[in-house]
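# Coordinate inspection notes
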Amino acid sequence: MKINTVWAAYFSATDTTKTVVTQIAKELARHTGRPLETFDFTLPQTRKTPKAFGPGDLVVFGTPVYAGRVPNLLIKYVASVQGNGALAVPVVCYGNRHYDDALMELRNTLRDGGFHPVAGAAFSCQHAFSPSQNAGRPDISDLTIAAGFAYDVFQKVEGIADPAATVPVAVPGNDPVGPYYTPRDRHGNPINILPVKPKTSDACTQCGLCAQQCPLGAIDAEDAHQVPGKCMKCNRCVKHCPVGAKYFDDPNYLYHKSELEDLYSWPRKTPELFL
């Protein structure tokens, strides 16, 4: 099949999904000899109108995994993206616990939006909550695997005569997808961190960067201490603050963060690839 353009499309608050998706798309562009374009829909202004692709596009489409699913505050936008017959490679990045139904959900959402999902992948990356859990991933080993996966996708795409006749790539997960993963305390009681929002210390200089960079536009542009909108706990504001003024101190959030670090830092999970 002739490819006109290879796309790296992603939501990536802390750049891990961006790194994986870009590596795969860059290698696909090299193998196909076609141009590489980027669609970064991390910031809210990029999601004001649905993106439309078309025949001849090969889209590596990545999202992070939140509680075993595509983030609930993002899935409606993903569903609005128009495939119009484009080929898609759904990719999910998770924090070494498990991706549960996220890859299935992303594959199905892209399929229902007019894409032809021909391959898929799940990569274990550094968790957004923690500087230590899965630190440094994706690393050189992950990116080498991503490059090899791109070549395998290229070979598969080369053999496709009629995209409309392709069967969506088989991926793990429940179909229909199950509920979001629920964090629990040591007694098995559910922990609710949905209302939790970041705090701001006196180190804040009111530079406004956190408000500009918030994927949900949740932070007040005039006063960074105020977070009137919904927070998805992506930690972009924490990791991008130039003076380290953003932080979380909610006990349930911190307990869940510690649990992830204690229980899911090892063994190292390798990328799972589906063709």
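A brief structural summary.

Thresholds applied
- Residues numbered from 1 in each chain as written.
- Predicted model: local features only at pLDDT ≥ 70, side-chain atom pairs only at ≥ 80, totals over all residues.
- Heavy atoms only, no water.
- Helix = DSSP H or I, 4+ residues; strand = E, 2+ residues; numbered from the N terminus.
- Expected span 1.5 Å × (residues − 1).
- Buried < 20%, exposed > 50% of the residue type's maximum accessible area, 1.4 Å probe, protein only.
- Contact = heavy atoms within 4.5 Å.
- Phe/Tyr/Trp six-rings, centres within 6.5 Å; stacked < 30°, edge-to-face > 60°.
- Disulfide = S-S within 2.5 Å.
- Axes fitted to C-alpha atoms, helices over the stretch in contact; angles between N-to-C directions.
- Parallel < 35°, antiparallel > 145°, perpendicular 65-115°, else oblique.
- Left-handed = near helix turned anticlockwise from the far one by under 90°.
- Nonpolar A, V, L, I, M, F, W, Y, C, P; charged D, E, K, R; others polar.
- Pairing = 2+ DSSP bridges.
- Right-handed = clockwise from strand over helix to strand, strands pointing away.

### Regarding helix α1 (residues 16-32)
Helix length check: α1, at 17 residues, gives a terminal C-alpha distance of 25 Å against a target of 24 Å (1.5 Å per residue), a fit within 8%. Taken together, the buried positions of α1 are Thr16, Thr17, Val20, Val21, Gln23, Ile24, Ala25, Glu27, Leu28 and Ala29. Along its buried surface, α1 packs onto β1 (5-10), β2 (36-40), β3 (57-64), β4 (87-94), β6 (120-124) and α4 (140-158). Following α1 by one or two positions, Gly33 adopts a phi angle in the positive range, close to 70 degrees.

### A word on the environment of Ala135
Of note, Ala135 is situated in the loop between β6 and α4. In this structure Ala135 comes out as partly exposed when scored by relative accessible area, which is 47%. Linking Ala135 and Ser265, residues 130 residues apart in sequence, is a C-alpha distance of 9.1 Å.

### Quick notes on the packing of aromatic side chains
Within a pair of aromatic rings, the relevant descriptors are the distance that separates the centres and the angle that separates the planes. Throughout the structure, instances matching the rule amount to twelve aromatic pairs. Judged by centre distance (6.3 Å) and plane angle (70 degrees), the rings of Phe39 and Phe53 are edge-to-face. You can see Phe39 sitting in strand β2 and its partner Phe53 sitting in the loop between β2 and β3, a full 14 residues away along the chain. Residue class for Phe53 comes out buried when judged on its relative accessible area of 5%. When the ring of Phe129 is compared with that of Tyr253, the centres are 4.7 Å apart and the planes differ by 40 degrees; the resulting orientation is tilted. Of this pair, Phe129 sits in the loop between β6 and α4 while Tyr253 sits in helix α7 (residues 251-264); the two residues are 124 residues apart in sequence, bridging distant segments of the chain.

### Points about the state of the cysteines
Among covalent bonds in proteins, the disulfide is the one between the sulfur atoms of two cysteines. For the coordinates displayed, the defined rule picks out zero disulfides. In this model Cys231 remains outside any disulfide bridge; the closest cysteine sulfur is found in Cys237, 6.4 Å from its own.

### Quick look at the packing of α1 against α4
Packing of α1 against α4 brings their axes to within 8 Å, and their N-to-C directions diverge by 40 degrees. Relative to α4, α1 is oriented oblique. Classified by chirality, the crossing of α4 by α1 is right-handed. Here Thr19, Gln23, Ile24, Glu27, Leu28, His31 and Thr32 of α1 come into contact with α4, specifically with Leu143, Ala146, Ala147, Phe149, Ala150, Tyr151, Val153 and Phe154. Of the residues that constitute the contact of α1 with α4, the class distribution is ten nonpolar, four polar and one charged.

### Here's the deal with the pairing of β1
For β1, the buried fraction is high: six of the six residues fall into the buried class. The two faces of β1 match: Thr5, Trp7 and Ala9 on one face and Val6, Ala8 and Tyr10 on the other face are all buried. Judged from the six bridges that link them, β1 and β3 form a sheet pairing that is parallel. Paired with Trp7 across the bridge in β3 is Val59. Strand direction decides the pairing type here: β1 and β2, joined by five bridges, are parallel. Bridge pairing in β2 links Tyr10 to Asp40. Crossover β1 to β2 through α1 is right-handed.

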